Amino acid sequence: QPKQEKNFGLSGLLAAETRMFQGIELKFVEPAEARMPNKKWRLYEFKGEEQLRTLHLHRASCFLFGRDRSLMKFPGFIPTDHPSCSKQHAVIQFRLHEAEDGLGGARLSIRPYIMDLKTPNGTFLNGERIEDQRYYELREKDIVKFASSSREYVVLREDSA
């Protein structure tokens, strides 16, 4: 039997290890540009005309939405109990954003982004289904919806008028 050659290629084991939380593999990894928000962002949850709760998004750098109750101890886990939602459905991630300031320098800000985690029923931003595994910047007054759930989440900052 011929001797097997050494393989120094990427196995994916290290990446998988960084995606674990209490024995559960997460469908995302926080990117290098992840930051704690410096402004007080909020999600207002509505079912029809009734406001159910206010979610304070300034308390963690990311928020994971899904049905997997075994993630309740994950900092930033927000349960979505609708049967059309996936166990790990979407993530809101705060990321450092760099823009030119017009004077040859850079202006830095920390902004919220949403990403669908390859779910069959999708995540919707302002009524449009977003692509899987791609970050979309959230802006004030955006409306987020998960799968076929009737709950809508409105994005606002604390200082909004």
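Residues numbered from 1 in each chain as written. Predicted model: local features only at pLDDT ≥ 70, side-chain atom pairs only at ≥ 80, totals over all residues. Heavy atoms only, no water.

1. Focus on the sheet that holds strand β12 (residues 143-146)
In step 1: Strand order across the open sheet formed by six strands is β4-β3-β13-β12-β9-β10, with antiparallel pairing between neighbours. The two strands at the open ends of the sheet, each matched to only one other strand, are β4 (50-56) and β10 (128-129).
In step 2: Bridging between strand β9 (residues 123-125) and β12 involves three bridges; their strand directions are antiparallel. Pairing of Thr-123 across the sheet is with Phe-146, part of β12. (Pairing = 2+ DSSP bridges. Helix = DSSP H or I, 4+ residues; strand = E, 2+ residues; numbered from the N terminus.)

2. Some thoughts on the sheet that holds strand β5 (residues 62-66)
In step 1: Read from one edge to the other, the open sheet built from five strands follows the order β6-β5-β7-β8-β11, with strand pairing classed as mixed. Edge strands, defined here as strands with exactly one partner in the open sheet, are β6 (77-79) and β11 (136-137).

3. Here's the deal with the packing of aromatic side chains
In step 1: Under the criterion given, the structure shown has six aromatic pairs.
In step 2: On the basis of an interplanar angle of 90 degrees and a centroid distance of 5.1 Å, the ring pair of Phe-21 and Phe-74 is categorised as edge-to-face. With Phe-21 in strand β1 (residues 20-21) and Phe-74 in the loop between β5 and β6, the pair connects residues that are 53 residues apart, well separated along the chain.
In step 3: Of the residues examined, Phe-21 reaches a relative accessible area of 16% and is grouped as buried.
In step 4: Members of the aromatic cluster, joined through ring pairs, are Phe-21, Phe-28 and Phe-74. (Phe/Tyr/Trp six-rings, centres within 6.5 Å; stacked < 30°, edge-to-face > 60°. Buried < 20%, exposed > 50% of the residue type's maximum accessible area, 1.4 Å probe, protein only.)

4. Concerning the side chain of Ser-86
In step 1: Topologically, Ser-86 is positioned in the loop between β6 and β7 (90-100).
In step 2: Here Ser-86 falls in the buried class, since its relative accessible area comes to 12%.
In step 3: Once residues lying within four places of it in the same chain are set aside, the contact partners of Ser-86 are Gly-66, Arg-67, Thr-119 and Pro-120. (Contact = heavy atoms within 4.5 Å.)

5. Considerations on the environment of Tyr-136
In step 1: Among the structural elements, Tyr-136 can be located in strand β11.
In step 2: Distance from Tyr-136 to Tyr-113, taken between C-alpha atoms, is 5.2 Å for residues 23 residues apart in sequence.
In step 3: Setting aside residues no more than four positions away along its own chain, Tyr-136 makes contact with Pro-112, Tyr-113, Ile-114, Leu-125, Ile-130 and Glu-131.
In step 4: Only 3.0 Å separates the side chain of Tyr-136 from the backbone nitrogen of Glu-131, close enough to count as a polar contact. (Polar contact = N/O pair within 3.5 Å; in protein donor to acceptor, adjacent residues only side chain to side chain.)

6. Thoughts on the pattern of salt bridges
In step 1: Scanning all chains against the criterion turns up nine salt bridges.
In step 2: When the shortest N-O distance is used, the salt bridge between Arg-69 and Asp-81 registers 2.7 Å. Placement of Arg-69 in the loop between β5 and β6 and of Asp-81 in the loop between β6 and β7 is noted, with a sequence separation of twelve residues between them.
In step 3: For Arg-69, a relative accessible area of 43% puts it in the partly exposed group.
In step 4: A network of salt bridges, in which partner residues are shared, links Glu-45, Arg-53 and Arg-151. (Salt bridge = Lys/Arg side-chain N within 4 Å of Asp/Glu carboxyl O.)

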